[in-house]
Amino acid sequence: MSFALRGSGGRETPEPPIGVLRTAQAGQDPAGRETVFAMTGGRVELEGRSVLRGIDLSVSAGEVVAVLGANGSGKSTLVRALLGLIPLTGGGTELYGRQPARFREWWRIGYVPQRLSVGGGVPSTIREVVASGRIARQRRLRPTSAADRDAVARALATVGLADRAGDSVHELSGGQQQRVLIARALAGEPDTFVMDEPTAGVDAESQRLLAGTLTTLVAAGSTVLLVAHELGPLESLVRRAVVLRDGVVVHDGAPPPAVGAHALPGHDHVHPHAAAAGEGPLPCEVYPSTGGQA
Amino acid sequence: MFDLLQSSIIQRALIAALLVGLTAPAVGTFIVQRRLSLLGDGIGHIALTGVALGFLTNTEPVLTAIVVAALGAVAIELVRARGRTGGDVALALLFYGGIAGGVLLIGLSAGGSNATLMSYLFGSISSVTPQDLWVIGGLTVAVLTVVLVFGRELFVLCQDEEVARASGLPVRFLSMLIAVTAALTVVVAMRVVGLLLVSALMVVPVAASQQLTRGFRATLGIAMIFGVVATVGGLGYTMYVDVAPGAAIVLLALAGFAVALGLGTFIRRSRNRESTR
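Residues numbered from 1 in each chain as written. Chains lettered and ligands numbered in written order. Predicted model: local features only at pLDDT ≥ 70, side-chain atom pairs only at ≥ 80, totals over all residues.

Trainee: What should I look at first to understand the overall build of chain A in this one?
Mentor: A tally of regular secondary structure across chain A gives eight helices and nine strands. With 294 residues in all, chain A has 51% of them scored as buried. Long-range pairs, those at least 24 residues apart, make up 71% of the contacts in chain A with a sequence separation of at least 6. (Helix = DSSP H or I, 4+ residues; strand = E, 2+ residues; numbered from the N terminus. Buried ≥ 20, exposed ≤ 12 C-beta atoms within 10 Å, placed from the backbone. Contact = placed C-beta atoms within 7 Å.)

Trainee: Can you help me understand helix α11 (residues 245–270) of chain B in this one?
Mentor: Every α-helix winds through 3.6 residues per turn, so residues three or four apart in the chain are directed the same way. The end-to-end C-alpha distance of α11(B), which contains 26 residues, comes to 37 Å, matching closely the 38 Å that a straight helix rising 1.5 Å per residue would cover. Every buried residue of α11(B) is listed here: B:P245, B:G246, B:A248, B:I249, B:V250, B:L252, B:A253, B:G256, B:F257 and B:A260. (Expected span 1.5 Å × (residues − 1).)

Trainee: Sorry, what's going on with the interface of chain A and chain B here?
Mentor: When the parts of a complex come together, some accessible area is lost, and that lost area is often used as the size of the interface. Between chain A and chain B, the contact holds 27 residues from the first and 31 residues from the second. Classifying every residue of the side of chain A that touches chain B gives 12 nonpolar, 10 polar and five charged. (Nonpolar A, V, L, I, M, F, W, Y, C, P; charged D, E, K, R; others polar.)

Trainee: Can you help me understand the sheet that holds strand β3 (residues 64–69) of chain A in this one?
Mentor: As a general point, the strands of a sheet are linked pairwise by backbone hydrogen bonds and lie either parallel or antiparallel. Residues and elements named next belong to chain A. If you walk across this open sheet you meet the six strands as β5-β6-β7-β3-β8-β9, and the pairing is mixed. In this open sheet, the two edge strands, each paired with only one partner strand, are β5 (109–112) and β9 (248–253). Across the sheet, the axes of successive neighbouring strands diverge by a mean angle of 15°, strand direction being ignored. Across five bridges, the pairing between β3 and strand β7 (residues 223–228) is parallel. Residue pairing in the sheet places L68 in a bridge with A228 of β7. Sheet contacts for helix α5 (residues 174–187): β5 and β6 (192–196); angle to β5, the most-contacted strand, approximately 170°. (Pairing = 2+ DSSP bridges. Axes fitted to C-alpha atoms, helices over the stretch in contact; angles between N-to-C directions.)

Trainee: What should I look at first to understand the nonpolar core in this one?
Mentor: A general tendency of soluble globular proteins is for nonpolar side chains to be buried together. All names here are of chain B. Counting residues in hydrophobic clusters, the biggest one holds 167 residues, and the most contacted among them are A47, A69, A183, V187 and L201. Tallying contributions element by element places helix α8 (residues 171–193) first for this core, with 14 residues. Among residues more than four places away in sequence, those in contact with V187 are A47, V62, A65, I66, A69 and L139. (Core = buried A, V, L, I, M, F, W, Y, C linked by C-beta atoms within 7 Å.)

Trainee: How should I be thinking about the packing of helix α4 (residues 146–158) of chain A against α5(A) in this particular structure?
Mentor: Helix packing for two helices is described by the angle between their axes and how far apart those axes are. Residues and elements named next belong to chain A. Look at α4 against α5: their axes get within 8 Å of each other, and the N-to-C directions meet at 145°. The way α4 lies across α5 gives a crossing that is right-handed. Listed contacts from α5 to A151, V152, A155, L156 and T158 of α4 are A183, L186 and A187. Split by residue class, the contact of α4 with α5 holds seven nonpolar, one polar and no charged. (Left-handed = near helix turned anticlockwise from the far one by under 90°.)

Trainee: Is there a simple way to explain the sheet that holds strand β1 (residues 35–46) of chain A in this structure?
Mentor: All names here are of chain A. Spatial ordering of the open sheet is given by β2-β1-β4, a layout of three strands whose pairing is antiparallel. Two strands bound the open sheet, and with one partner strand each, they are β2 (49–60) and β4 (90–95). This sheet shows a mean twist of 20° between the axes of neighbouring strands, independent of strand direction. Note that β1 and β4 share five bridges and pair antiparallel. Paired with A38 across the bridge in β4 is E94. Lying on the sheet, helix α2 (residues 75–82) is in contact with β1, β2 and β4; it crosses β1 at an angle near 120°.

Trainee: Looking at this structure, how should I read the pairing of β2(A)?
Mentor: The two faces of a sheet get side chains in turn, since along a regular strand they alternate between them. Residue and element names in this part refer to chain A. With nine bridges joining them, β1 and β2 adopt antiparallel strand pairing. Note on β2: the bridge partner recorded for A38 is S58. Connecting the antiparallel pair β1 and β2 is a turn made up of two residues, with E47 showing a positive phi of about 50°.

Trainee: Where do I start with the environment of B:M176 in this structure?
Mentor: Residues and elements named next belong to chain B. Along the chain, the position of M176 falls in helix α8. C-alpha of M176 to C-alpha of A70: the two residues are 106 residues apart in sequence and 9.4 Å apart in space. Once you skip the residues sitting within four places of it in the chain, M176 turns out to touch V74 and E77.

Trainee: Mind showing me how you'd approach the pairing of β6(A) here?
Mentor: All names here are of chain A. The buried count for β6 comes to five of five residues, which makes it a mostly enclosed element. Side chains T192, V194 and D196 of β6 all project onto a buried face; the interleaved residues F193 and M195 project onto the opposite face, where all are buried too. Taken together, the four bridges between β5 and β6 define a ladder with parallel strand orientation. Bridge assignment links Y111 to a residue of β6, and that residue is V194. Handedness of the β6-helix α6 (residues 204–219)-β7 crossover: right-handed. (Right-handed = clockwise from strand over helix to strand, strands pointing away.)

Trainee: Any chance you could explain the environment of B:L117 here in plain terms?
Mentor: Residue and element names in this part refer to chain B. With respect to the element layout, L117 can be found in helix α5 (residues 114–122). For the pair L117 and V51, spaced 66 residues apart in the sequence, the C-alpha separation amounts to 7.9 Å. When neighbours within four sequence positions are excluded, L117 is seen to be in contact with L48, V51, A52, G102 and I106.

Trainee: What should I look at first to understand unusual backbone geometry in this one?
Mentor: Trans peptide bonds make up the majority, and among non-glycine residues the majority have a negative phi. All names here are of chain A. Of note in this structure, Y96 is not a glycine but carries a positive phi near 45°. With respect to the helices, strands and loops of the structure, Y96 is situated in the loop between β4 and β5. A count of 21 C-beta atoms within 10 Å places Y96 in the buried class. Even without glycine at this site, E197 takes up a positive phi of about 50°. By the element assignment, E197 lies in the loop between β6 and α6.

In structure tokens:
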């Protein structure tokens, strides 16, 4: 895939967009990397309930960031708000230096939603779903190109479903369906992957496969923003964790070591790092392995 | 029941049936994919007001039906996009308003009566005029063009609206497009099967088709075949037995569904049982 061709350090930084007000150089972090997501004072209310309360978050190109937190802490809402899928009720957010409504380079984003709305009411083959990941790169009235077909074939191979491309996604297990969704994002060959709970309710094999795929992507310089209950096999990849509690960021930095322990049975949900963050113990009431919508 | 004098009537009826059999399942596949199977019903109810409005204003009922059905479809889409809360009830209100509005307006019009509405509620394919056929033909071309040109985008939209938005697709435009296309289809099919059974022609062939298929494209194609077989077959049956074509077409489609269900179960069973669900 094209991400395999990119050198890890050789990413080009396009010219900063015009008209974007920023303290440092427009559209870049202090290290000169392009800013992918930038939310300032982000607030979201859903059905009268305050879900995000003043989020400041900036993600630069090449970063691997995990958004952690308990159910209902606002993780999914945060990533969806970052993509402009949910309107903010306060503050602002930018995608590659532009407001989501003005953002046009959607091919740069690969969104892996929380599982399956795949399929809808009509069966779809794995290949059909994965091929639909090319949509941001396709023009209306243009037939499917050889590049499209190649990218789809590579994406299918990457998630180990090439031999089942003609099967209906309805017939797959949860972990396999998750792999289809990841392959759909891969097929679009984006710069940035946004994954909502890619590991929730996924079998061990699919989790390892996901970790392997992400390792390749990260080595190629892709940006990854993922939501997780627990990092599991992804722990070694994630260099930065943003921990949410009740719609507020309570930790932003190195992944809290205790998070890995969630995978272990009988862990007591006491987080030594939480005190350091100055917010008291983290809310870890429930971290079920198969979570609902956060 | 027919002689040579009627042969041009029969030809027109057959062409209309063929066109409706093609378009209704084509649009229906996207509607079912979007889990809006009852959308056609809702639009059909609203279109009745449009038909009555045509009689009241001495305009061609098909044209007023197109306008009102399209407006109704847009209204339904707006209600749906606003969110779930109350959307269900709001849709129901639109449906009832559509029927009641139709009956009220037809009562107010000079020549119309509830009997006039019956031919639109249950179809009257034998009264298809050459002019009707031109309208049906034009609408068919419009509907199939939408499916061909926007099919790829509509597939993404109908599968997952958020993914469509995160792919930069014009979600609001596409949602309106599919709703208005459904409205056009309802009006196309109105003369053949009637407003009350239009939705059946959009949904039943798709339901039958997906018993046999694993993919979206295949479902779409086979649903169109099912649709044509049902409309042309049902109409053919009514040439020998004097029953309402709409009913014969829908019952034939349902019979097709029953056969496909049995066949599909057999096919799935004879395939290996690797599936986990």
